[in-house]
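The lines below spell out each chain.
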Amino acid sequence: MARTSKNSTSSRLSDLKSAWLDVKQSPSLHAVLGLTVLFIGLLGFVASTSTLFTWTSDYSALELGFAQVLSQRDIVIQNTLGSIGAAVGMVVTVRGFGIASLLLWTVIMAFGLRWGLGIELRALRWARRSLLRALLITSGLALLPWNAGDAVVGDYGRVIATWSTHWLGLLGACLTWMVLALIHTVWVFQLRPQMLGQHLANRFAATDALNEVPIDEEAELIPDEGPLVVDLFGSEPNQSPPWNEDDEDLALEPSMVADDDLDLEIQSTVEAPQASPSLVKPAAASDMGPYDPRRDLSRYQTPPLQLLNDYGQSTAKVDQEELEANKERILETLRNYKIEISKIKATVGPTVTLYEIVPEAGVRISRIKSLEDDIALSLSALGIRIIAPIPGKGTIGIEVPNRHPQMVSMRSVLASEKFQKSDMDLPLALGKTISNEVYIVDLAKMPHLLMAGATGQGKSVGLNAIIASILYKKHPAEVKFVLVDPKKVELTLYNTIERHFLAKLPGDDEAIITDTNKVIYTLNSLCIEMDQRYELLKSAMVRNLKEYNVKFTARKLNPEEGHRYLPYIILVIDEFADLIMTAGKEVEMPIARLAQLARAIGIHLIVATQRPSVNVITGIIKANFPTRIAFKVSAKIDSRTILDAGGAEQLIGKGDMLISSGNDLIRLQCAFLDTPEVEQICEFIGSQQGYPDAYQLPEYESEEGRLGGGGNFSAEERDSMFEEAARMVVIHQQGSASLLQRKLKLGYNRAGRLVDQLEDAGIIGPFEGSKARQVLIQDEVQLNERLKNL
């Protein structure tokens with residue numbers, strides 16, 4: 001019985017094996033399996049390719065959970081293949097092999113073509129080594145000195161690079177990788193070291209033969225418009241060499257000599273007439289190689305990201321219940337006013353969620369816009385802002401603050417792939433948008449920036465973020481800061497980097513400018529610098545700073561003629577309102593001139609104020625500052641003063657801001673940079689070798705010859721009615737002798753002397769013919785400050 005049972009079991013196994021062999025050899029099964037594998041490989045390739053560009057926006061959605069992403073249709077996924085494509089790309093590319101995953105998908109597609117269609121591809125030869133090759137690529141990208149991006153590198157490569165660097169150091173890890181790559185190349189392409197040695201030996205032998213033996217007179221020259229080629233091997237002349245110069249395998253053949261080498265060897269056999277020593281010219285400047293502006297501080301290192309605090313999760317998270325509750329309240333409020341909605345979706349940002357709604361046909365947008373306060377009441381939230389319609393989308397946006405906002409750290413913004421790979425001239429990493437994307441702009445293209453907002457809403461933090469962005473991206477030779485801090489406490493942290501990044505007037509003890517009179521001198525000095533730079537551009541026959549520096553680094557401009565490498569100069573003013581109150585038009589006029597003309601020569605202005613009134617942000621200032629940032633303000637009129645539009649009064653504070661660059665308003669959460677972080681950055685830079693002194697601005701001498709004016713008239717020589725006349729001129733904003741005659745009942749001669757004394761004191765401008773003199777002081781507060789200085 002046992003033997004019979006054993007025989008029957010063996011018979012069944014034999015039948016199953018025979019059936020499997022029949023199925024395995026079936027052409028139909030091969031075709032089905034092959035096309036299935038090809039389809040999977042193609043979808044994986046598309047998903048990974050899309051992930052390289054969309055993973056940052058999909059990451060926050062996938063963190064909600066894959067099951068939740070699949071079940072909720074209102075969650076926005078940017079990947080071309082949707083939720084499944086985003087998940088596959090995240091696992092295989094971001095958490096796996098990075099861009100090398102495309103190689104693996106290519107091999108899978110090659111297998112599919114082979115099994116399904118019988119097409120043999122060269123990629124199949126790499127199949128056995130594709131995993132090794134992918135690991136080699138991803139680890140090599142991770143060892144690069146710059147950040148190639150999370151999706152490009154992949155976690156596998158980052159782990160390999162981290163441990164190899166820990167065990168062998170950075171140099172040892174790089175050398176090990178190079179050796180492995182060389183071994184892999186030799187093995188894959190079956191290269192023989194003897195071939196390379198033979199090739200080099202033949203090349204040196206050919207060179208010696210040409211140097212010792214004259215060229216055969218019967219050697220046939222090949223006429224050609226390109227390089228002259230001599231047939232030394234007896235073959236028929238050709239118009240082009242008999243090999244493909246781009247083919248590396250053929251280039252190693254020992255019986256071939258490249259065109260350019262042969263040309264050089266032929267020229268060496270021709271005896272040129274010897275020039276007399278007096279006619280020998282010195283080497284051209286171009287022979288010295290390009291000028292390197294970083295040469296003086298060649299060992300300078302940009303601050304590491306580890307100096308900045310990591311505040312944990314940097315991606316936006318909002319409870320699903322909160323999203324649903326807000327959606328229902330918005331729909332309920334609109335239904336109460338008989339407004340029906342056909343579609344609604346939410347975009348989650350770090351501090352604000354944007355609900356985009358599409359109303360039913362026939363609904364007027366103005367009706368929804370008028371319900372702003374009602375929606376805010378139903379949501380029990382401050383900072384509700386309605387955008388009707390959203391430009392370029394055809395939807396209406398309702399911005400609702402998150403109940404638990406996420407902090408946007410400066411570290412997460414600077415570590416982003418967008419910033420690390422930015423090729424902007426002066427990149428500013430300002431923060432993140434509502435869609436949780438890092439927002440970076442180029443100051444060189446703005447070209448100036450105006451910032452305003454109420455006290456404590458984030459202006460100083462924003463200024464620190466702007467300065468830190470440039471410190472993390474540029475070398476001290478490429479950019480200089482002129483820092484003006486009337487409050488005397490906000491920008492003093494940057495004194496440490498004076499010899500690296502700051503500029504100042506000759507003879508000044510401190511580079512951070514806090515005195516009003518020195519501000520006036522500095523602004524006028526910048527105007528002189530601007531004029532001098534324009535003269536250099538004119539003589540160099542270029543139009544802007546970038547073209548000029550390219551020409552100078554190529555050694556096409558002579559330093560003996562006054563040419564020099566020109567760094568960008570960024571003027572930062574922390575509290576502009578205080579300067580306007582104390583100095584008035586003496587500050588406003590040079591700033592307006594710089595804003596109008598200084599863009600082309602690399603001088604850019606960043607002006608911040610907490611008083612966004614028309615007395616501070618005048619028409620001249622607004623006309624020349626097209627890019628403006630508004631933090632939270634107290635009144636709608638202040639928002640209109642800054643942005644020419646409302647909205648800033650509805651912000652929630654703590655870095656919530658609107659940026660206007662033209663007609664578009666973009667809401668951002670400013671990156672947070674704490675004071676200890678700024679100190680660590682400055683200490684790291686200041687501890688390195690710097691220049692002997694700060695960058696020297698041109699000297700400026702006022703007409704009066706000393707600070708404060710009043711050089712021609714002493715206090716004893718001034719008229720007894722001088723102060724009264726000054727107040728009369730400031731109140732009426734008219735600087736004329738006839739005004740003083742009428743109001744003070746003076747004679748013409750005495751009124752004329754008072755006008756001269758007021759001009760000498762810097763209260764009114766010079767004589768301009770038939771025009772009235774310009775009053776340089778705007779109100780009595782400024783006048784009292786000026787009289788005190790006199």
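Given the structure is predicted, the values throughout are model-derived calculations rather than measurements. (Residues numbered from 1 in each chain as written. Predicted model: local features only at pLDDT ≥ 70, side-chain atom pairs only at ≥ 80, totals over all residues. Heavy atoms only, no water.)

Quick notes on the pairing of strand β15 (residues 656-661)
- Across the six residues that make up β15, a large majority, five, are buried.
- Two strands pair when backbone bridges link them, and strand β14 (residues 627-630) and β15 are joined in this way by four bridges, in the antiparallel orientation. Each bridged residue has a counterpart across the sheet, and for Thr627 the counterpart in β15 is Ser661.
- Adjacent in sequence and paired antiparallel, β15 and strand β16 (residues 665-670) are bridged by three residues, among which Gly662 carries a positive phi angle near 110°. (Buried < 20%, exposed > 50% of the residue type's maximum accessible area, 1.4 Å probe, protein only. Helix = DSSP H or I, 4+ residues; strand = E, 2+ residues; numbered from the N terminus. Pairing = 2+ DSSP bridges.)

Let's talk about the pairing of β14
- Both faces of β14 are covered, namely the face carrying Thr627 and Ile629 and the face carrying Arg628 and Ala630.
- Where strand β9 (residues 449-452) lies against β14, four bridges are found, and the strand directions are parallel. Its bridge partner being in β14, Met451 is matched across the sheet by Ile629.

Some thoughts on empty space enclosed by the protein
- Per the stated rule, a full pass over the model turns up three cavities of 30 Å³ or more.
- In this structure, the second largest cavity occupies an estimated 40 Å³ of space.
- As for the second largest cavity, its lining consists of Pro350, Thr351, Val352, Lys432, Thr433, Ile434, Asp656, Arg667, Leu668 and Gln669.
- Looking at the lining of the second largest cavity, the elements that each hand over two or more residues are β7 (427-433) and β16.
- The biggest single contributor to the lining of the second largest cavity is β16, with three residues. (1 Å grid on protein atoms, 1.4 Å probe; cavity = no way out; pocket = protein on both sides within 12 Å on 5 of 7 lines; lining within 4 Å. Points joined across faces, edges and corners; volume = space filled by probe spheres on them.)

Considerations on the environment of Gly349
- Summarising the element assignment, Gly349 is placed in the loop between β3 (341-348) and β4 (352-359).
- Separated by 87 residues in the primary sequence, Gly349 and Asn436 have C-alpha atoms spaced 5.0 Å apart.

Remarks on the packing of helix α26 (residues 722-732) against helix α27 (residues 737-744)
- At a minimum axis distance of 10 Å, the contact between α26 and α27 shows a crossing angle of 110°. The orientation of α26 relative to α27 falls into the category roughly perpendicular. The way α26 lies across α27 gives a crossing that is right-handed. Within the contact between the two elements, α26 uses Glu724, Ala725, Met728, Val729 and His732 and α27 uses Leu739, Leu740, Lys743 and Leu744. (Axes fitted to C-alpha atoms, helices over the stretch in contact; angles between N-to-C directions. Parallel < 35°, antiparallel > 145°, perpendicular 65-115°, else oblique. Left-handed = near helix turned anticlockwise from the far one by under 90°. Contact = heavy atoms within 4.5 Å.)

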